[in-house]
Amino acid sequence: MSDTEFMSTDASEELSQQAQVVPDKEEIVQELIDEDGDLVEETTQITRKTVKRSMKITETSSTTKTTTISTPAKLYGKDLSEYDEVDVDALLAQLSPEEINILAKEVDPDDSFLPPNERCSYECEKEPTGPLDRKKLIEHINKQALETPDLPENEPYVKGTVRGKKWLPPARSEKDKEVEEGIAIDMGEEYEQALTSATQEEIIDLAAILGFHSMMNQDQYHASLLNKGQPIGLGWDGITKSQQQKVYPMDPPNNTDIEDSIKRVKDDDPKLIELNFNNIKNISDEKLIQLFDALPDNEHLEVLSLTNVGLTDKTALLLAQAIEKSKTLRVLNVETNFISPPTIVALVRSLLKARTVEEFRASNQRSSVLGNKIEMEITELVEKNSSLLRLGLHLEFNDARHRVAAHLQRNIDRSKYCVRFTAATNNKYLKFSEKHRWITMFLFFLL
């Protein structure tokens with residue numbers, strides 16, 4: 001790479017007048033081959049500047065020569081293009097079997113169809129001694145390990161002797177010490193005296209109240225919350241020991257007579273106020289249909305629990321139709337069944353027409369996630385219901401959960417005012433006409 005510049009200037013008298021510069025550039029590219037056979041590009045750049053004044057002319061010219069060396073790829077002193085005409089099969093035919101084996105060991109073909117023993121350069125020349133016996137092989141390895149003596153130690157172990165370089169913590173800088181010494185919290189004399197005279201149990205209780213879980217173990221935390229007193233022998237460095245699990249007796253099976261209960265519902269038995277079919281798994285769809293057909297004519301049943309009875313969409317839709325016509329049902333529980341989210345919406349919609357159901361539970365169904373659309377529909381239906389006080393459903397989205405909770409709280413407050421109004425109107429010292437009772441009830445609702 002070489003640059004050469006030539007400049008010539010011919011000037012006459014200089015006058016103090018404004019100059020006009022007219023630049024002119026020109027590039028000339030030539031490809032040449034040097035003595036080594038390399039390709040060389042020669043670029044000549046000529047720049048002419050003409051400065052015109054009244055009595056002065058300046059002409060400048062420059063030439064730049066750029067040499068680019070491009071070396072072709074070579075193999076064993078020859079260009080790769082010279083090997084294109086070589087017949088590889090003819091070369092392999094000239095090799096002996098020994099030379100072919102040596103060549104195969106040096107080259108690993110990237111071919112997944114070849115077996116590993118043909119791709120690997122290692123070759124076992126030993127003859128097989130017989131079939132593989134895994135049991136004998138393991139016995140031989142264990143025997144060889146037991147018979148092989150341990151390597152003796154160069155220096156015997158001596159208790160308390162430090163060998164090698166002992167690790168020492170790095171020295172702390174003075175700035176770190178000044179920072180730690182400068183941190184001081186002034187809590188006042190009263191708080192300092194209280195903390196100074198506080199016992200370890202009181203400090204643990206204070207840490208539990210403030211939520212400092214890392215300062216105590218599990219037993220200390222639960223003892224503080226339950227106000228049982230701290231366990232004996234457990235300080236700040238105490239370790240929680242394992243405890244045996246408490247064995248609780250199994251719940252007794254549900255021995256409710258299905259046919260007799262359905263008959264009592266049909267006959268409108270005044271003593272049958274609560275019907276519990278929980279965890280009865282052999283209830284057929286025909287029995288459930290008979291029960292749901294008898295619900296609209298019943299005027300005494302208030303609580304119906306159908307948890308884990310295999311309730312499906314088909315029977316649940318019939319239940320929704322029965323709820324719309326029910327007159328006295330207050331609590332309905334259909335948890336742990338196989339009800340889909342759209343059917344749950346149908347059940348919640350049926351509560352609007354019943355106006356008597358105060359508690360509805362339908363969590364832990366086949367679909368654990370309802371989805372945003374279903375949750376918004378349930379929220380809108382709940383907000384239209386003025387009698388529902390409790391809803392047992394897992395809502396994932398915060399908007400739906402907060403709106404439902406706020407509306408249920410308003411319903412609970414309204415029901416409390418209704419109880420107060422009923423107690424006031426039933427007082428023997430208060431004598432209201434029918435018109436005055438409705439006016440008073442309206443005022444309670446406004447509160």
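Because the structure is predicted, anything quoted here is derived from the model rather than measured.

Trainee: Let's hear about the pattern of salt bridges: which residues, and what values?
Mentor: Tallying each qualifying case throughout the model produces nine salt bridges. Across the salt bridge formed by R403 and E383, the nearest N and O atoms sit 2.9 Å from each other. With a gap of 20 residues between them, R403 in helix α14 (residues 398–425) and E383 in helix α13 (residues 372–384) connect regions that are remote in the sequence. Here the salt bridges share partners, and the residues they tie into one network are E302, R330 and E358.

Trainee: Describe a nonpolar patch on the surface, listing the residues and the values that go with them.
Mentor: On the surface, a nonpolar cluster with roughly 600 Å² of combined accessible area is contributed by L75, Y76, L80, Y83, V86 and L91. By the secondary structure assignment, Y76 is in the loop between β4 (74–75) and β5 (78–79). Classification of Y76 by relative accessible area gives exposed; the value is 76%.

Trainee: Any details on the packing of helix α10 (residues 285–294) against helix α11 (residues 313–325)? Residues and values, ideally.
Mentor: In the contact formed by α10 and α11, the axes pass within 9 Å of each other and the chain directions differ by 10°. When the axes of α10 and α11 are compared, the pair comes out roughly parallel. Listed contacts from α11 to D285, L288, I289 and F292 of α10 are T315, L318, L319 and A322. In terms of residue class, the contact of α10 with α11 is built from six nonpolar, one polar and one charged.

What counts, and at which threshold
- Residues numbered from 1 in each chain as written.
- Predicted model: local features only at pLDDT ≥ 70, side-chain atom pairs only at ≥ 80, totals over all residues.
- Heavy atoms only, no water.
- Salt bridge = Lys/Arg side-chain N within 4 Å of Asp/Glu carboxyl O.
- Helix = DSSP H or I, 4+ residues; strand = E, 2+ residues; numbered from the N terminus.
- Patch = residues over 30% accessible without salt bridge, like charges linked within 9 Å, V, L, I, M, F, W, Y side chains within 5 Å.
- Areas by Shrake-Rupley, 256 points an atom, 1.4 Å probe, with all protein chains shown as cover.
- Buried < 20%, exposed > 50% of the residue type's maximum accessible area, 1.4 Å probe, protein only.
- Axes fitted to C-alpha atoms, helices over the stretch in contact; angles between N-to-C directions.
- Parallel < 35°, antiparallel > 145°, perpendicular 65-115°, else oblique.
- Contact = heavy atoms within 4.5 Å.
- Nonpolar A, V, L, I, M, F, W, Y, C, P; charged D, E, K, R; others polar.

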